Amino acid sequence: MKKRLAIILTLLLTILATACGTSTDNGGTGEQSKDEKKKLVMGTSADYPPFEYIDTKTGEEIIGFDVDLAKYITDQLGYELVIKDIAFDGLIGALQANRVDFVAACMSATEERKKSVDFSDIYFISGEMVLVRKDSGIEKVEDLQGKVLGVQLGSIQEGTADDLQEEITDLEVKKLNKAPELIQELKSKRIDGVVLDQTVAEGFLNQFDDLLSITLEVDSAGTAIAFPKDSELVDEFNTVIQEMKENGELDKLVQKWIAGEEKK
């Protein structure tokens, strides 16, 4: 009897040991599940509505044009998307350090940036505006003489602000990390104007009726997705971006986030 119990106990221990040595996530095969998707990490700066931002009225999720674009592309390519919120001026560094796989953050594909990263095809083109308070007396760019102009650190508009500083007498430029911080500084009268991407500026105009805009005449490099140098993802993403241009999916995003009701 004792011998029989010993045999049964040995068999049970063997079964338990075998079960513990397999993955419960993939059916006990010990191999990667065929349904498991490879993750891609997207870097963005979630302070730039309608492209990427957090609507605290509805939750803490990062939403926007670029987020939907990235979700569509990665879904079509069979990747799982993970989003990481990073200050805009740290995004290229994150790419170079391989902390993210790509950046979708309303980033202009400038020649200077192309020295550090590779870009996808252009998927959106916008202009630039200066926002001022209606009671400021500023009606044209020249009226910024002796004023303080705010701009987001690391943005393409930083270069625009620097150029304006060379053209306009006694113009001071103040650089901050986030666009909403700049708007708060403007409304609090600590700065006199903010230079922003036109689409983003129009969103703030819709939100605040005490602001008005001055359109700037600038050449836009166009908005694109950034990748580490020599990334194989560039061609994959470009294939889907081209398909989106042809099948109307890109226009749907423009209508939803920029021309539609969800514009902020």
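Structural notes, computed from the coordinates. Quick caveat, the model's predicted, so the values are computed rather than measured.

Digging into the sheet that holds strand β13 (residues 223–227)
Across the sheet, five strands lie side by side as β5-β1-β6-β13-β7; this open sheet has mixed pairing. The sheet is open, and its two borders are formed by β5 (79–85) and β7 (118–119), each paired with just one other strand. Where strand β1 (residues 38–44) lies against strand β6 (residues 102–108), two bridges are found, and the strand directions are parallel. By the bridge assignment, M42 is partnered in β6 with F102. Lying over the sheet, helix α2 (residues 65–77) contacts β1, β5, β6 and β13, oriented at roughly 155 degrees with respect to β5. Running at roughly 150 degrees to β13, helix α8 (residues 233–247) makes contact with β1, β5, β6, β7 and β13 of the sheet.

Structural notes on the pairing of strand β10 (residues 172–176)
The pairing of strand β9 (residues 148–152) with β10 spans five bridges and is parallel. Following the sheet pairing, Q152 is matched in β10 by L176. The parallel pair β9 and β10, bridged by helix α5 (residues 156–167), forms a crossover whose chirality is right-handed.

Here we look at helix α7 (residues 198–207)
For α7, the set of buried residues is T199, V200, A201, G203 and F204. For α7, the side-chain oxygen to backbone nitrogen distance between the N-cap and T199 is 2.9 Å, and the N-cap itself is D197.

Concerning the packing of α2 against helix α9 (residues 249–258)
Axis separation between α2 and α9 bottoms out at 10 Å; the angle between their running directions is 155 degrees. When the axis of α2 is compared with that of α9, the two are roughly antiparallel. Where α2 crosses over α9, the handedness of that crossing is right-handed. Mapping the contact onto sequence places F65, D68, L69 and Y72 in α2 and E249, L250, L253, V254, K256, W257 and I258 in α9.

A few points about the sheet that holds β10
Strands sit in the order β10-β9-β11-β8-β12 across an open sheet of five strands; the sheet is mixed. The open sheet has two edge strands with one neighbour each: β10 and β12 (211–216). Each adjacent strand pair in this sheet contributes to an overall mean axis angle of 30 degrees, direction not counted. Bridge count for β9 against strand β11 (residues 193–197) is two bridges, and the pairing is parallel. Bridge pairing in β11 places L149 opposite G193.

Quick notes on the rules
- Residues numbered from 1 in each chain as written.
- Predicted model: local features only at pLDDT ≥ 70, side-chain atom pairs only at ≥ 80, totals over all residues.
- Heavy atoms only, no water.
- Pairing = 2+ DSSP bridges.
- Helix = DSSP H or I, 4+ residues; strand = E, 2+ residues; numbered from the N terminus.
- Contact = heavy atoms within 4.5 Å.
- Axes fitted to C-alpha atoms, helices over the stretch in contact; angles between N-to-C directions.
- Right-handed = clockwise from strand over helix to strand, strands pointing away.
- Buried < 20%, exposed > 50% of the residue type's maximum accessible area, 1.4 Å probe, protein only.
- Polar contact = N/O pair within 3.5 Å; in protein donor to acceptor, adjacent residues only side chain to side chain.
- Parallel < 35°, antiparallel > 145°, perpendicular 65-115°, else oblique.
- Left-handed = near helix turned anticlockwise from the far one by under 90°.

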